[in-house]
Each structure stands twice: as structure tokens, then as C-alpha cells.
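Secondary and tertiary structure notes
Spelled out from the first residue to the last, the chains are:
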Amino acid sequence: MVDRIADIWGERTPFARGEHWPVRVDQKLADGLVEADIDRWVQSACVLCSNGCACDIAVKDDQMVGIRGRAIDRVNHGRLGPKGLFGSVQGMRSRDRLTRPMVRVDGHLVETDWDTAMSRIVERSKQLLAQKGPLSHGFYTSGQLFLEEYYALAVIGKAGIGTPHMDGNTRLCTATAAAAMKESFGADGQPGSYLDIDNCDAVFLYGHNMAETQTVLWARILDRIAGPDRPFIVCVDPRDTEVARVADVHLAVRPGTNQALMNGLLRELFANGWVEESWVHEHTIGVDELRAVVDPWTPEKVAETCGVDADDVRRAARIFGESERVLSTVLQGFYQSDQATAASCQVNNMHLLRGMIGRPGAGILQMNGQPTAQNNRECGADGDLPAFRNWENPAHVSELAQLWGVDSGVIPSWAPPTHAMQIFRYVEQGSIQFLWVSATNPAVSMPQLERIRSILDQDSVFLVVQDLYLTETAQYADVVLPAAGWGEKTGTFTNVNRTVHLSDKAVDPPGDARSDLDIFLDYAARMGFTKNDGSPLLDWEGPEDAYRAWQECSRGRPCDYTGISYERLRGGSGIPWPCNDEHPEGLTRLYGDGVFATEPDYCESFGHDLLTGATVGEQAFRALEAHGRAIFKVSEYVPPHEEPSAEYPYRYTTGRTAYHFHTRTKTARSRQLNQAAPKAWVEISPTDAAALGLGEGDVVRVTSARGELVVPVRVGDIREGSVFAPFHYGYFDAAASVSSGHASAANELTVTEWDPVSKQPLFKNAAVKLEKVADADGPSDAPTTTASRPAAQGTVRATVGGHDGEASSTVDLEAWTADRAEALS
Ligand code: SF4
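Residues numbered from 1 in each chain as written. Predicted model: local features only at pLDDT ≥ 70, side-chain atom pairs only at ≥ 80, totals over all residues. Heavy atoms only, no water.

**Structural notes on the overall build of the protein chain**
Per the secondary structure count, the protein chain includes 27 helices and 29 strands. Whereas a compact globule of 825 residues would reach a radius of gyration of roughly 28 Å, the protein chain reaches 25 Å, a difference of no more than 12%. For the protein chain, the C-alpha atoms occupy an extent of roughly 70 × 65 × 60 Å along the three principal directions. A fraction of 75% describes how many contacts in the protein chain between residues 6 or more apart in sequence connect residues 24 or more apart. On the protein chain, roughly 26600 Å² of surface is accessible, and the fraction owed to carbon and sulfur atoms is 47%. Mean positive and mean negative side-chain charge positions of the protein chain (77 and 112 charges, respectively) differ by 2 Å. (Helix = DSSP H or I, 4+ residues; strand = E, 2+ residues; numbered from the N terminus. Rg over C-alpha atoms; globule rule 2.2 N^0.38 Å. Contact = heavy atoms within 4.5 Å. Areas by Shrake-Rupley, 256 points an atom, 1.4 Å probe, with all protein chains shown as cover. Lys, Arg positive; Asp, Glu negative; His and termini not counted. Charge placed at Lys NZ, Arg CZ, Asp CG, Glu CD.)

Take a look at the structure:
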């Protein structure tokens, strides 16, 4: 049997352009079990990344004991990756699951019953509302709850309490995706589809290490690469990732310079006449301004700014310009970097210039990081108004007030929603005194951790934490609530390409744990939130009631769910939204008709200035007269605020490994995944290692102006002058501790700074120094696969060829890359 820890993407099932991606059903059962032992299979989808792979959960003796991919589903055609196979079930059934609520007594968390815990929460909440009003309350949630739970939370926050201080950790992973689509197209919602992989001529991956972050999606691309008519691959990433290794062009840009690269690529499209003039004229506005802004960005200027080869910029632009169908994907290398929204909008601009949107093979995937990030954004638990309504549009606010049976004035719409970094600032300053954190772990995932820890530890804030385990964050809580998780509750969620899946309850949660929806409904009832007619604000009895309420909320909006019922989702494939009378099977691609969501009365946002983040405002937006046309949003390049210096000479960037998800709350509890990547490390280039006298496994202190890490070195394939750290590692399972000077969390070093439009923090660029602390006692624990593999591992081989009907073959990657470069030039 294939070792799916070592062989992350599994066996190749090659297919040609336009063909159906072959089915391959992946399955993992607990040791010693065979299919005949399984009592029942329960339909679900994986929640360990944003790909949304459909699966069935194996149940035996009322325990989850395995998982298999669903062959029928349009997303994964039966496949699952290592996290889905080894982390889904194991991550839920560790013996240290929270099973009872806890409250803080004399400084210690002690177990209690639900009534005591909820009474404490409600007492504090009522007291603060009476004394200080709604702005005393903040909610910080997740990208891992279900749609029904986010919608309940959004109604509680907006119509029950009336606070604008609501956000999710989606602010850290996917806020820029939403922002870029609002700016360019008028509303959130992926234009493209995974099916575009099956039809494209080229895939551009911008700051997207898909090979590790969405392994099943990458398997689909590998299968196209292994088939005839393979697509060209262009990779923008400072590391030599698996994507880079099969790329026709690898642009290893200096961190913080994405906007300069994008301006240069756009200039090449103009300079070479690769512009669909008539389509641009009919369906867009602002092309002249775009041309003027990008004009100075010659390939040579890009090369100097970004540290790449000018000819590689030309080659990449040529692939885009001469292809009929390009799929672009964007992720954290852009979203968590300087000028995040600006650079991501330029990806949209590339497609708009070529009219490559809304048709098979020609798509954009502004990716999400987390499985249910899309639902957080749709439902408004991230602060936005539900169903992509515009907080600056009074008619949209009135619609919600009518739907919820409350006055418009209750719904906070007098200012933009408060983003996560500002919520924590308000806690720090003492104006937010009630913070409810659900299914996320800011004590590891937010930037500049020493500051975050001090904020969570403040006496002035009453902290509620709702999670599966006693996380690093939960240890600061006044009340800890044990939540039911995946397989222990029913609900729906929506993946990157708008495909909705149902996840049915397979087993009971452990002990007294309750679903997040139950907990929110209990809080709303105890608080006595009502509609204007005196009836309960939330009178739902379970998830399907919440879902039906959401369907009504989404009616007529871009994310229309009215045609997707629980019943339709059971048994078949997931269904993409919008799904309604007009699109009864769901719409695979948006904007195929060239009509965008920029009508002022319909759009989700009036937009922002990409450089400063200032809102455009209704009057100026109406004056644009976009009226269904897409908008070329532009920005000058500005260098990062924190540059390497004599004291801190290296650029620091963070990211993920294929074997862990977020702060490892689930994946560290999987034996196989944890063995693959058990402890933190940092990666540096062979050249820097030699200059610093460092070898593989030597222990280094990495220091920024904000903190330090002490971890082993992996000498790997990363651009010279850069240092990479995986962000997953915290302290819940670490023998060493922060106080003993052996910090290992990557965010000890990151900056408190964010993109002006999306408010997404900048995790991808900080200045650091390195010094040796101890000699190696062996290689570091970094994975020996993927982008983290040692630099001197030997000849890298790849499956290549297959363009224009030629057969594919396996060759030496270095020689092949050189050949391709020559051919392209
Ligand atoms: S690719 Fe993502 S959704 Fe699919 S099995 Fe892996 S972790 Fe789960």
C-alpha cells in the first residue's frame, strides 16, 4: 500500500485537457479494521483545509474509526490527502478532549456544569451591556465552524447586542481574497472553478504553495501535468516549493515586492498587445489608468526590485499572453504580504485585460486558507453584513432589519466592521471587556505573540473560549466551553469554489461537549434577545432551522442558497452557489456573461483606495458608472516598511507544511502527521548557512525587534537572505517554554501591521538576525519531503512533457527547466 505520508499526492491518474479527472477513492481505517467491520458510513467533507474534499466517515460501535473520499463529488473525485486521511478522525478522539465546561476560580480553571458556566457568561454580558453598552463586547471566531453557527453568531452580534466588533481568524488567512474580489468585481465570490484545471492551458500560482496547502487540488494539477497537453505552470514564491519544481517559470521574488512584479507582468501584456480590446471596452472601466501606472515597470526594473531574472518576467508574461485559457490561484504569499489587496487585484487585472474569466479553463481562484472561511464571510461573522450586503447601503441594512424583526438602528452600520487586529487593540486599551473566542487560537496564530499574550492576560477582559481542547488561548480564559466538532454535529459549509457540502452527525460528542450552534442559541435565549414583536430573536431548534433562515437571508444576493436544501445535498455531490430558479444545478463559473456585481444598489462594497485603504464612498462610486462592468483597481508599488538592516540582515517569512493545519490543535494529535513534522524549525539557504557557520540541525536563535525563537536549522532550498519558519507550532505540547527562553512559535517575531484594505496582518516579511546557540545532535525534525526537504537531497526528478500531443516523460528537473527556459525565450 502506498505510504500517503511520504507520497503526499498518491499515484498519478493522468488525464488530458477536457477529459474527466479519473476517480480514485482514498480510504483510511483504524489499524486492524476492514470495510466489513464498519457499521455505517456517514456523509461529510474534510475540514482540514479549504479544498472541501467530500468524504464518508466510518462508524463502528458509535465511534469514528475511518474515512474515505466520495467518488461522486465534483471537488475531489474520491481523493483525500494526508491530513484528511490521518488527521480527521484522530484529531477528534484524543483523550485530552474537553468534556466539561470550566470556570476560573482563584486563578485556576476548574470543571463545572453548563448552567454555572453559561450563567457566569450571561451575568457578565448583561452587566457590561447595561453599564457600557454594545461596544464593550467583541467576538473572535474561526474559519472552521459551520455556516449555521456563523449565521447564529452574526445575528446575535448584530441584532442581539449591536456590536461592530466581530471578526474571525479568516482575517489572517482569507480577508484579502474577499477584499480583492469586492474591489474588482463588486462582491465576494470566486469567479473560477476547480474544473478550470481540467481545461486550462496554463496555471499561475501566486504565493500559493498548493502542493502543501491543498494537496488534493495539487494532485489534480499533477494529473494534468502527467497527461497529454500538459498546462504550463508559473510559480511566484521565494521558496523552491514542489510547485516551483515543476514550473516552467519560477519567479522567486524577494518578500514584500509582489506589487512590483504584478505591475511588470501587466506592462508586458500591454507592451506586446496581449489585450482583448473589445472585451475590455465592453466589460471594464479604468484601463487607461492601469496602463499609466504599470508603464514604468520594465522587466529590468522588476528584476532589480524583486530580485528575479528579467527574462523570467518576460517568459511568464508570454505564457499568460499567448494562452487561451489561464487559471490563476492566489494565496498567503500575496495575502499576508505587503500591499496584499493591491497585488491580488492585479491578478484579477491580468484576467480582465485578456477577457479570461467565466469560461472553461479561464478562471481566478482567490483561495481561502480554511475549510469554512467562505461561510464566515458570507454570514457576516467576520463583521461584514450577511449575504454580501453593503454596510454603506441603508437599503441593505433595512433588508436585514426586516428579516430579523429588529430596528435598523440596532444593526451596526455607522462605521466599517472592526477587524481582528483592532478588536485586540480595543481589548488592550480596555474598551472591549467581554471577548468570546470560538474555535481559534490567537495565542499562537496572531502576530507579535508576546503582545497578544499580555492582552489575553489582562484583568480588564472577561475571556470566553470555546474549543475542542485546552489550547494556548483557552489557558487565559475566564470560562472554557467544550465544543462538539467535525462528525459530532450536523451543518453545512462551502469551499473555495463555492461548493456547498453537508456534514452529518456521525457520533455523539464526548462528555458534556455541545455543538457551537447549541451554545450560541443557549446564550441568545438566556440573554433574552427578542424581535420587535417580543418573540425570540433566534427561535431555531437545530441546524436545519438555521440553514433555512440563512437561505432566506441569501435570497436574491450573489450567494443565493435558496435552491440548495439539506435533502439535495444528501447522497450526491456538493452543489455550487448561486443555486436558485435561474441556476437550479448551481453555477460553476461566475461572470460568464461579462456582467459583474458593480451595480451601486447591488454591490457589496463601494471600494477603497488600494494604497491608503480610504473608502471610495457611495457618491464617488456612483460617479464611476461601473454598472455591471469590472473595475481595474491600480496601485503604485511601495517598499515594505520593515527592511533588513545591519542589525537584522535577513528577511523572515512564515508558512505551512503539508502535515499540519493551523496551530496543530487536531493534526498534532495524529500520530502519523505528528511524526512527519513533530517540532518547529527554520529554513535558510546553503549560502547563508555557510556564511553563518551553520549546518543542518544546528540550533539557532532567530531574533526580530519583537522577540526570538530558538529552534534547529534546516538548510534548504530558499532564496538567499530569506529565513522561513512554519507557523503551526505553539506550546501546548512543548517541553520548552517561552519563559525559559526557548520560544518556538513563528509569530514571536512577526510584525503588528496589516494591509490597508483587507486588514490582513503581514506575516510574510520581517527583518531578523540569526546566531548559533548549539551544535546539532542530528538533522532537524523538518520534513524530508516538500519544500522543506534538505537542499542537498540529490537530483530532483519530475514528470514533464506532454504539450501539443507529445508523450510525457520523467527527466532531470534542472536540465528540463533549462530546456524549457530556452524554448520559451
Ligand atoms: S486537501 Fe484539504 S480538504 Fe482535502 S483531504 Fe486534504 S486537508 Fe482535507
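Following the structure, the description resumes.
**Some remarks on the domain arrangement of the protein chain**
According to the domain assignment, the protein chain contains domain 1 (2-96 + 806-824), domain 2 (109-173 + 372-559), domain 3 (175-367 + 597-631) and domain 4 (650-792). On the domain 4 side, the residues contacting the 17 residues of domain 1 number 14 residues. Buried area between domain 1 and domain 4, both sides added, is near 1300 Å², and the carbon and sulfur share of it is 64%. Counting every contact that joins domain 1 to domain 4 gives two salt bridges. Measuring nitrogen to oxygen at the nearest pair gives 2.8 Å for the salt bridge that ties Arg669 to Asp96. Our enumeration of links across domain 1 and domain 4 arrives at seven residue pairs in polar contact (both at pLDDT 80 or more). A per-element tally of the side of domain 1 that touches domain 4 places helix H1 (residues 82-87) first, with four residues. (Domains from an automatic or database assignment. Buried area = accessible area lost by both parts, 1.4 Å probe. Salt bridge = Lys/Arg side-chain N within 4 Å of Asp/Glu carboxyl O. Polar contact = N/O pair within 3.5 Å; in protein donor to acceptor, adjacent residues only side chain to side chain.)

**What about the pattern of salt bridges?**
Summed over the entire model, instances satisfying the criterion amount to 60 salt bridges. The residue Glu488 makes a salt bridge to Arg97 at a minimum N-O spacing of 2.9 Å. In this pair, Glu488 sits in the loop between strand S17 (479-482) and strand S18 (491-494) while Arg97 sits in the loop between H1 and strand S5 (102-105), placing the two residues 391 residues apart along the sequence. Judged by relative accessible area, which is 6%, Glu488 ranks as buried. We classify Arg97 as buried; its relative accessible area is 6%. In this structure, a network of salt bridges that share partners links the residues Arg17, Asp201, Glu324 and Arg325. (Buried < 20%, exposed > 50% of the residue type's maximum accessible area, 1.4 Å probe, protein only.)

**Regarding the packing of aromatic side chains**
Taken as a whole and judged by the stated rule, the model has 25 aromatic pairs. Plain terms: the ring middles of Phe185 and Phe596 are 5.6 Å apart, the flat faces sit at 20 degrees to each other, and that makes the pair stacked. Here Phe185 is found in helix H5 (residues 175-185), whereas its partner Phe596 is found in the loop between strand S20 (575-576) and helix H24 (618-624), with 411 residues between them in sequence. Among the residues examined, Phe185 registers a relative accessible area of 0% and is labelled buried. Both rings, one in Tyr206 and one in Phe334, keep their centres 5.5 Å apart while their planes meet at 55 degrees; by these two values the pair is tilted. With Tyr206 in strand S9 (residues 202-206) and Phe334 in helix H14 (residues 332-335), this residue pair connects regions lying 128 residues apart in the sequence. Three or more aromatic residues joined by ring pairs form one cluster here, namely Phe139, Phe434, Trp436, Phe462, Phe520, Tyr523 and Phe529. (Phe/Tyr/Trp six-rings, centres within 6.5 Å; stacked < 30°, edge-to-face > 60°.)

**A word on the sheet that holds strand S15 (residues 434-438)**
Spatially, S6-S5-S17-S16-S15-S7-S8 is the arrangement adopted by the seven strands of the open sheet, whose pairing is mixed. The two strands at the open ends of the sheet, each matched to only one other strand, are strand S6 (108-111) and strand S8 (166-168). Along the sheet, successive strands turn relative to each other by an average axial angle of 20 degrees, direction set aside. Of the strand pairs in this sheet, strand S7 (residues 137-141) and S15 are connected by four bridges, and their pairing is parallel. When the bridges of S15 are listed, His137 appears paired with Phe434. Most of the contacts of helix H3 (residues 147-161) go to S7, to which it runs at about 170 degrees, and overall it touches S7, S8 and S15. (Pairing = 2+ DSSP bridges. Axes fitted to C-alpha atoms, helices over the stretch in contact; angles between N-to-C directions.)

**What about the nonpolar core?**
Generally speaking, soluble globular proteins have nonpolar side chains that are buried together. In terms of nonpolar packing, the biggest core is built from 144 residues, with Tyr206, Trp218 and Leu353 touching the most fellow members. Leaving out residues up to four positions away in the same chain, Leu353 has contacts with Leu266, Leu269, Phe270, Trp274, Val275, Glu276, Val280, Val287, Leu290 and Phe632. The next biggest cluster of nonpolar side chains, apart from the first, holds 62 residues, and it includes Leu128, Leu538, Trp540 and Tyr547. (Core = buried A, V, L, I, M, F, W, Y, C linked by side-chain atoms within 4.5 Å.)

**Observations regarding the site of the ligand**
Lining the immediate environment of the ligand, one finds Cys46, Leu48, Cys49, Asn51, Gly52, Cys53, Leu80, Gly81, Lys83, Gly84, Thr215 and Val216. Contributions of two or more residues to the shell around the ligand are made by H1 and helix H7 (215-226). Class assignment for the residues of the shell around the ligand results in six nonpolar, five polar and one charged. (Near = heavy atom within 4 Å. Nonpolar A, V, L, I, M, F, W, Y, C, P; charged D, E, K, R; others polar.)

**Comments concerning the environment of Asp407**
As for its position among the elements, Asp407 is in the loop between helix H17 (394-404) and helix H18 (420-429). When the C-alpha atoms of Asp407 and Cys200 are compared, they prove to be 49 Å apart, with 207 residues separating the residues in sequence. In contact with Asp407, not counting residues within four places along its chain, are Ala401 and Asn532. Separated by 3.0 Å, the side chains of Asp407 and Asn532 make a polar contact.

**Some thoughts on unusual backbone geometry**
For residues that are not glycine, phi is negative in most cases, and the peptide bond is trans in most cases. With an omega of 0 degrees, the peptide bond running from Trp577 to Pro578 counts as cis. With respect to the helices and strands, Pro578 occurs in the loop between S20 and H24. In the Ramachandran plot, His662 falls in the positive-phi region, its phi being about 45 degrees despite a non-glycine side chain. Even without a glycine there, the phi angle at Arg664 is positive, about 65 degrees. Residue placement: Arg664 occurs in the loop between strand S22 (650-655) and helix H25 (671-676).

**Description of the sheet that holds strand S19 (residues 499-503)**
Pairing is antiparallel across the open sheet formed by three strands, whose spatial order is S18-S19-S20. The sheet is open, and its two borders are formed by S18 and S20, each paired with just one other strand. The sheet contact formed by S18 and S19 spans four bridges and is antiparallel. Within the sheet, the bridge partner assigned to Phe493 lies in S19 and is His501.

**A few points about the pairing of S19**
Consecutive side chains along a regular strand alternate between the two faces of the sheet. Most of S19 is tucked away, with five of its five residues classed as buried. On S19, burial covers both faces: Thr499, His501 and Ser503 on one face and Val500 and Leu502 on the other are all buried. Pairing geometry for S19 and S20, over two bridges, is antiparallel. The residue bridging Thr499 from the neighbouring strand is Pro576, located in S20.

**Digging into the packing of H3 against helix H22 (residues 543-554)**
Interhelical geometry of H3 versus H22 gives an angle of 70 degrees and a closest axis separation of 9 Å. The orientation of H3 relative to H22 falls into the category roughly perpendicular. For the crossing formed where H3 meets H22, the hand is left-handed. Counting all contacts with H3, which are made through Leu147, Glu148 and Tyr151, the residues of H22 involved are Pro543, Ala546, Tyr547, Ala549, Trp550 and Cys553. (Parallel < 35°, antiparallel > 145°, perpendicular 65-115°, else oblique. Left-handed = near helix turned anticlockwise from the far one by under 90°.)

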